[in-house]
Amino acid sequence: MSLSKELQKRRTFGIISHPDAGKTTLTEKLLLFGGAIQEAGAVKNNKIKKGATSDFMEIERQRGISVATSVLAFYYRDKKINILDTPGHKDFAEDTFRTLTAVDSVIVVIDVAKGVEEQTEKLVSVCRMRNIPMIVFINKLDREGKDAFDLLDEVEQKLGLTVTPMSFPIGMGYEFKGIYNLYEQNINLFSGNSKTNIEDTISITDLNDSILDQSVGEKSANDLRENLELVDGVYPSFDKEAYLSGELQPVFFGSALNNFGVRELLDCFIDIAPTPRPKKAEERLVNPQEEKLSGFVFKIHANMDPKHRDRLAFVKIVSGTFERNKPYFHTRIKKNLKFSSPNAFFAEKKEIIDISYPGDIVGLHDTGNFKIGDTLTEGEDLHYKGIPSFSPEHFRYINNADPMKSKQLEKGIDQLMDEGVAQLFTLELNGRKVIGTVGALQYEVIQYRLEHEYGAKCSYENFPIHKACWVDPENEKSEEFKEFKRVKAKFLAKDKKGQLVFLADSSFSLQMTQDKYKSVKLRFTSEKE
Ligand code: G4P
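Residues numbered from 1 in each chain as written. Predicted model: local features only at pLDDT ≥ 70, side-chain atom pairs only at ≥ 80, totals over all residues. Heavy atoms only, no water.

Caption draft 1: Molecular detail of the environment of E117. Of note, E117 is situated in the loop between β4 (105-111) and α5 (118-129). Expressed as a C-alpha distance, the spacing of E117 and S17, which sit 100 residues apart in the sequence, is 8.3 Å. Those residues in contact with E117 that sit more than four places away from it in its chain are H18 and D111. (Helix = DSSP H or I, 4+ residues; strand = E, 2+ residues; numbered from the N terminus. Contact = heavy atoms within 4.5 Å.)

Caption draft 2: Spotlight on the packing of helix α11 (residues 406-419) against helix α12 (residues 441-454). As a packed pair, α11 and α12 sit with axes 10 Å apart at the nearest point and diverge in direction by 120°. Overall, the two elements α11 and α12 adopt an arrangement that is oblique. Our pair here, α11 against α12, has a crossing hand that is right-handed. Residues Q408, L409, K411, G412, I413, Q415, L416, M417 and E419 of α11 touch α12, and the partners they reach there are I446, R449, L450 and Y454. (Axes fitted to C-alpha atoms, helices over the stretch in contact; angles between N-to-C directions. Parallel < 35°, antiparallel > 145°, perpendicular 65-115°, else oblique. Left-handed = near helix turned anticlockwise from the far one by under 90°.)

Caption draft 3: Structural detail: the packing of aromatic side chains. According to the stated counting rule, one finds 18 aromatic pairs in the structure shown. Both rings, one in Y183 and one in F238, keep their centres 6.4 Å apart while their planes meet at 90°; by these two values the pair is edge-to-face. Pair noted here: Y183 is in the loop between β8 (178-181) and β9 (186-190) and F238 is in the loop between α8 (218-234) and α9 (240-244), with a separation of 55 residues, a long-range link. Joined through ring pairs, the aromatic side chains of F322, Y328, F339 and F370 make up one cluster. (Phe/Tyr/Trp six-rings, centres within 6.5 Å; stacked < 30°, edge-to-face > 60°.)

Caption draft 4: The arrangement of the side chain of T86 in detail. Locating T86 in the fold gives a position in the loop between β3 (79-84) and α4 (93-99). Residue class for T86 comes out buried when judged on its relative accessible area of 2%. In terms of polar contacts, T86 uses its side chain to reach the backbone carbonyl oxygen of I15, at 2.7 Å. Setting aside residues up to four positions removed in sequence, T86 forms contacts with I15, I16, K23, T96 and T99. (Buried < 20%, exposed > 50% of the residue type's maximum accessible area, 1.4 Å probe, protein only. Polar contact = N/O pair within 3.5 Å; in protein donor to acceptor, adjacent residues only side chain to side chain.)

Caption draft 5: The arrangement of helix α6 (residues 148-159) in detail. Taking 1.5 Å per residue, twelve residues should reach 16 Å; α6 reaches 16 Å between its end C-alpha atoms and fits that length. A148, F149, L151, L152, E154, V155 and L159 are the residues of α6 that are buried. You can read the cap of α6 off the contacts: a side-chain oxygen lies 3.1 Å from the backbone nitrogen of F149, and it is on D147. Residue G160 follows α6 closely and has a positive phi angle near 65°. (Expected span 1.5 Å × (residues − 1).)

Caption draft 6: Expanded view of the pattern of salt bridges. This model, assessed by the stated rule, comprises 31 salt bridges. In this structure, the salt-bridge partner of R432 is E461, at a minimum N-O distance of 3.1 Å. With a gap of 29 residues between them, R432 in the loop between β25 (423-427) and β26 (433-437) and E461 in strand β27 (residues 458-462) connect regions that are remote in the sequence. On the basis of relative accessible area, E461 is assigned to the partly exposed category, the value being 35%. One network of salt bridges, with partners in common, ties together R77, R263, E264, D267 and D271. (Salt bridge = Lys/Arg side-chain N within 4 Å of Asp/Glu carboxyl O.)

Below, the structure is given as structure tokens:
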């Protein structure tokens, strides 16, 4: 089949939410619709249990499962759907940010009772920065929750979105009767008894039709008419172009657990969600239709088996076709590499594949050639822009706890940082190493993996740092910059790429430094805008 036909079939997206909003349940229901899994519960195990911070076996188990569920692909209505898994646990937020560089659109899940939560805000702001098309799914309508209009307001205000309801609930919680689908102009009736299925679907093109009153009762019918009038008056109507450019976000209501509103979401998603989008490289914009292959690494996963030190690098294909055993150019190390067993991912399994198309993810066995953000091409010197590093939230010195194993420790730290588990800073003054992470859980993961995969032991020491800022002087030779370096020597470090970083110990000292050294810009991300 031709490249353009394959392209038209692909939908690659991620589901994002605050933990517990229903991401896993929704993913599972989508897979059930696609026939990719046979029963509910199959994806469930993919969650880091709450409070599992000290359970190392749990961490290992999670890593194993998360390889299997990193990409969940299935076919639905002749479309190939790739769901890229994003960890909900906030300690793995960086992982999610990176995965967002590889999706073409996202579905945002919100709990009807809790509304917009912290993690959702962070993730959506990253999507907004990148103009990623978003669909919002308001979940758990079978429970009492916030008023639909209040929620839509909250979504607009807290997430900075412009919404257009594509469906509207008829009641909620105990009074939940069903959902009116504005996109298809029909009603799905909900039965509190069966709870597992849609009771009935009634096509209603004219809201004044008495069939509406017969189906949901007069009061609910009138409420719905009123609500829809308000929707019509207040919200812009759906515009596909606006959605695709990230300016308008369709909203669906439903209950993932009860399989309610999920098919509507999926059917609409298939129709409107973008096919693989062009992607910016430092050199130029690359179109998916281009015949020559290009792709980039957005995730690296270490082998679960400590005897095999190879890793799996996840590559998103941006343009052209990826073929097994064909040499591709690794633009950072300037080497040609061939892959004899690239993996494709399907729900719960991976298999060796001969050819992949834009939108697809291939898993490449790697013995240490790849870092996150690396680009593969057919010879062109392209470099895809990755997601910048953000300042970590936690900082600790890392010490060698077994002097006989310093080489192993060094190698282990190096490789774990390439995987993006955490960020490493080396202090300018004394060469001490500092590990910065998003959450405390990572320190345990690192310690455990260093020991089990590299045979090295480490200990940590607190380093009370408030924020890491990347230093960007207007003039490297200026007296001001020289003074900054002298006065702040104790707090200067290099990141893994050799960029200078200022480790501010409090928000006060950060503010003072910014005020005093005006020509030395302090950035909160590693990349210049
Ligand atoms: P997450 O991946 O976003 O963290 O959330 P997940 O799908 O695991 O859902 C979190 C909890 O919310 C689960 O309950 C799940 O069953 C429930 N849930 C998901 N969708 C709905 C819905 O539409 N209605 C209702 N009432 N509940 C829903 P749990 O008790 O934490 O887990 P479990 O014991 O059910 O596995």
